[in-house]
Amino acid sequence: MKTHSVHARAMVRLNRAAWFATVAGMCGSLVSIGLARFAYTPLIPPLIQAHWFSPANAVSLGAANFAGYLAGALLARLIAAALSSRQALRLLLFVATAAFFACAYPLSVVWFFVWRFASGFSGGVIMVLVPTSILPQIPAAKRGFVSGMIFLGLGLGIAASGTLIPELLRLGLRETWFGLGILSLLLTVFSWFGWPADNPPALRFETSNDASFRSKISLTILYGQYAANALGLVPVMILMVDYIARGLGRGGDIGAAYWRVYGIAAIVGPVMCGGAADKIGFRLSFRAALLLQGIAVGILSFVKNLVAVGIATVLLGIFTTGVVPLSLGRIRDILPHRPTAQRTAWSRATIAFAAFQVLGGYGYAFLFSHSKENYGLVFLCGTIALVMALIVDLFVREGGSTAADLAHPSTLLVSGKKRYKLSLEDRKSEAGSRFHNSICTDDVRNGS
């Protein structure tokens, strides 16, 4: 039975509509987060050197994108209800694209702030709507893979920030903004017809409007873990290059080289983590991600060997992007067959991550400046946040096992000792889910 189940999952294939939606999702995350957020980091020194902005203004304008992201995540569901997910995604990709062209003209700090905020706002909405619009159309056995492909755009954006931006800057600062705008426009057009129609009526049906008490507890714990993950990653995103360049005395070129390694690892992160989740379940994969991130940030806290720092850099690059599909998969495990509730939960998780990313950024900056630039202390705080999230996952019963976890007999659940097999009722539920998904994908194929 076990061999047959694994073989059946391996035989599941994505149809053409599902592939188009997956590629559209990847384009959306690349434009709205990968480029709109991560491409700004290497642009800060040129902005200052060209006297477009003072150092303080340049940093604050970077924070404007985070503030917009938080606002977009808060309002995503209202926008989708007013415009439909498909129309909202198309519109906001154009807003993110327009922001690149607008930023090529620094008319004033206010002008620049508005467009950086707008690009962040688009990213927040898109991050909520893309997975919750696409994944309900995907067979259950392939959702981990598709999640990874969607968030592959985040890794591509990080990699581009270390490779594409330096080449564009050779042409000039304004030309760099234009280049990013043209790339975003091409990706927006390419994804135009890939977005699926809103979920068909059959998929909108849910047996209950409210999550059970156990599900609410599980989701609350997950929100806290996802927020703690943000606190663990923020020191890396802010200080890693500076730590290698100044803290270890290796210079800016070596620091930039490690950032490129970080970006390359971030490209493979979502697909690698999504593929692992398809094999061993999202819960065990999420637990492993917390453990390995904690080890990696801990290395930065205490170890100064460049080889060890390089290993930590690769691990952190993988999970900076890989933890996103894993967290989304945990939500789908907790709320199976309930796409509306999943969208609400994913919106809240995104808000929690964004809020603690902003708070962590300002908090770590304050700690760094008032600790005489103690890199190890800042990284240690990130390590503690990740360890606490892992402890919660290991020792707190957050509502028991889910159908998705039980579908993977190799997955160790909360007790860490028992192994579960798929029950007859769970197999019936999964079979119904596959039938349900086949209806949905047929509707998408037929253009409904």
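Coordinates for the structure precede this section.
Residues numbered from 1 in each chain as written. Predicted model: local features only at pLDDT ≥ 70, side-chain atom pairs only at ≥ 80, totals over all residues. Heavy atoms only, no water.

Bringing the overall build of the chain into the picture now. Counting its regular elements, the chain contains 18 helices and zero strands. Across the 448 residues in the chain, those meeting the buried criterion constitute 56%. Within the chain, contacts between residues at least 6 apart in sequence are counted, and of these 82% link residues at least 24 apart. In the form shown here, the chain has an accessible surface area of approximately 19,100 Å², with 69% of it arising from carbon and sulfur atoms. (Helix = DSSP H or I, 4+ residues; strand = E, 2+ residues; numbered from the N terminus. Buried < 20%, exposed > 50% of the residue type's maximum accessible area, 1.4 Å probe, protein only. Contact = heavy atoms within 4.5 Å. Areas by Shrake-Rupley, 256 points an atom, 1.4 Å probe, with all protein chains shown as cover.)

Tracing the backbone shows F145 in helix α7 (residues 143-150). Spatially, the C-alpha atom of F145 lies 8.2 Å from that of A277, the residues being 132 residues apart in sequence. Discounting chain neighbours no more than four positions away, the residues touching F145 are L14, W19, G274 and D278.

Here the focus is the nonpolar core. Soluble globular proteins tend to bury their nonpolar side chains together. Ranked by size, the top nonpolar core spans 116 residues in total, and within it W177, L180 and W346 carry the most contacts. If one sorts the elements of this core by residue count, helix α11 (residues 213-247) sits on top with 14 residues. Sequence-distant contacts of W177, that is, excluding residues within four places in its chain, are made with Y40, L43, L47, W52, F100, C103, A104 and F112. (Core = buried A, V, L, I, M, F, W, Y, C linked by side-chain atoms within 4.5 Å.)

This next bit is on unusual backbone geometry. The phi angle at S84 is positive, at roughly 85°, despite the residue not being glycine. By secondary structure assignment, the location of S84 is in the loop between α4 (55-83) and α5 (85-103). We classify S84 as buried; its relative accessible area is 18%.

Between α5 and helix α6 (residues 109-134), whose axes approach to 8 Å, the crossing angle comes to 150°. Of the possible angle classes, the one that applies to α5 and α6 is roughly antiparallel. The chirality of how α5 crosses α6 is left-handed. Per-class residue counts for the contact of α5 with α6 are 19 nonpolar, four polar and one charged. (Axes fitted to C-alpha atoms, helices over the stretch in contact; angles between N-to-C directions. Parallel < 35°, antiparallel > 145°, perpendicular 65-115°, else oblique. Left-handed = near helix turned anticlockwise from the far one by under 90°. Nonpolar A, V, L, I, M, F, W, Y, C, P; charged D, E, K, R; others polar.)

Considering all chains together, one arrives at 15 aromatic pairs under this definition. A centroid spacing of 5.7 Å and a plane angle of 80° characterise the contact between F112 and W177, whose relative ring orientation is edge-to-face. Residue F112 is found in helix α6, and its partner W177 is found in helix α9 (residues 173-190); the two are separated by 65 residues along the sequence. W177 carries the same exposure label as F112, and that label is buried. Three or more aromatic residues joined by ring pairs form one cluster here, namely F151, Y226, W346 and F353. For R37, the ring lying beneath its charged end belongs to Y69, and the centroid distance is 4.5 Å. (Phe/Tyr/Trp six-rings, centres within 6.5 Å; stacked < 30°, edge-to-face > 60°. Lys NZ or Arg CZ within 6 Å of the ring centre and 35° of its normal.)

As for its position among the elements, F151 is in the loop between α7 and α8 (152-169). Given a relative accessible area of 1%, F151 falls into the buried group. In the structure, F151 is positioned 117 residues away from V268 in sequence and 9.9 Å away in space, judged by C-alpha atoms. The residues touching F151, leaving out its near neighbours within four places in the chain, are S29, M127, P131, P270, T321, V324, P325, L328 and W346.

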